[in-house]
Structures are given as C-alpha cells and as structure tokens.
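# An overview of the molecular structure
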Amino acid sequence: MEKLEKITLDLDGGSPVEYFVLEQTRIGGVDYLLLSDVEEGDGEALILKDISEDGEEEGVFVTISDEEELAAVAEVFENMLEDITIEE
C-alpha cells in the first residue's frame, strides 16, 4: 500500500491536527477532500470543501453544512473507494 499524503489543519484556532488524505474529487467545479485521522481501519472521517480563490497560495477548506450536498459528496467518495462506508 502506498503512503497516504498528510495535511495539517488548524481547526477553530486550536492546536494543529494531522489528517490523512484518503481521496479527493472535483464535482461541479468544486474540489472536495476525504480525510481520516487514521491511515487504515475505522477512524473519524471528515469531508472538506475547497473555497479557495484561484491563485491563493494556501487552500481554504470548510466543512459542508448543507446535508444534501454532504450526502451527495459522501456517496461519490463511497463509490470511489469501494471498501469504505461513511456514516453521518
């Protein structure tokens, strides 16, 4: 298995937290990331939406607040990674 990319997030101004990037996709011109706090096995998953402007040096990601959008993106990731199930 190849090594997963890690990213560090500064959540709500707290201590930085590292997550593994399980997958990324682009839907309707918007980029989404599927992250996990563990490299393998059951862990906490997080789906983030990229709201960065073109040309920004660092990405700006937010959690998805719209339940329909979140369900649709989660379904896409589940189809991409057949061995995972995302629970809300």
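See the structure shown above.
Once a new chain begins, its residue numbering starts again from 1 and follows that chain's sequence as written. Confidence filtering applies because this is a predicted model: local features only for residues at pLDDT of at least 70, side-chain atom pairs given and counted only at 80 or more, and all residues used for totals across whole chains, interfaces and linings. Side-chain descriptors were evaluated using all non-hydrogen atoms of the structure, hydrogens and water having been removed beforehand.

### Observations concerning the side chain of Thr 25
Only runs of H or I of at least four residues qualify as helices and only runs of E of at least two qualify as strands under DSSP, and these elements are numbered from the N terminus. Along the chain, Thr 25 falls in strand S2 (residues 16-27). We call two residues in contact when some of their heavy atoms are within 4.5 Å. Beyond its immediate sequence surroundings of up to four residues, Thr 25 is in contact with Val 30, Asp 31, Tyr 32, Val 76, Phe 77 and Met 80.

### A word on the pattern of salt bridges
Salt bridges are defined as contacts in which a side-chain nitrogen from Lys or Arg sits within 4 Å of a carboxyl oxygen from Asp or Glu. The final tally for this structure, using the stated rule, is three salt bridges. Residues Asp 31 and Arg 26 are paired through a salt bridge, measuring 2.9 Å at the closest nitrogen-oxygen approach. According to the relative accessible area criterion, Arg 26 is exposed, its value standing at 55%. Categorising residues by exposure relies on relative accessible area from a 1.4 Å probe, with only protein chains included: less than 20% of the type maximum marks a residue as buried, more than 50% marks it as exposed, and the intermediate range marks it as partly exposed.

### What about the pairing of S2?
Direction of pairing for strand S1 (residues 6-10) relative to S2: antiparallel, over a ladder of five bridges. Counterpart to Leu 9 in the pairing with S2 is Val 17. As paired elements, S2 and strand S3 (residues 30-36) share seven bridges and run antiparallel to each other. Paired with Ile 27 across the bridge in S3 is Val 30. Each pair of strands is called paired provided DSSP finds at least two bridges between the two strands. Where S2 folds back onto S3 in an antiparallel hairpin, the turn is made up of two residues, including Gly 28, whose phi is positive at roughly 55°.

### Observations regarding the environment of Ile 47
When you line up the elements, Ile 47 lands in strand S4 (residues 45-50). Judged by relative accessible area, Ile 47 falls into the buried class, the value being 9%. Considered as a pair, Ile 47 and Val 73 are 26 residues apart in the sequence and their alpha carbons are 8.2 Å apart.

### Looking at helix H1 (residues 67-80)
Here the expected length of a helix is defined as 1.5 Å per residue gap, with one fewer gap than residues. Spanning 14 residues, H1 covers 20 Å between terminal C-alpha atoms, matching the ideal 20 Å at 1.5 Å per step. Where H1 is concerned, the buried positions are Val 73, Ala 74 and Phe 77. For H1, the angular spread of buried residues about the axis comes to 105°, placing them on one side. Structural note: H1 exposes Glu 68 and Asn 79 on the side pointing more than 90 degrees away from its buried face. Turning to H1, the residues buried within the fold contact S2, S3 and S4. The definition of a polar contact used here is a pair of N or O atoms within 3.5 Å, where within protein one atom must be able to donate a hydrogen and the other to accept one, and adjacent residues in sequence count solely through side-chain atom pairs. For H1, the capping residue at the N-terminal end is Asp 66, with a side-chain oxygen 3.1 Å from the backbone nitrogen of Glu 68. It is the directions from the helix axis to the C-beta atoms whose arc is reported.

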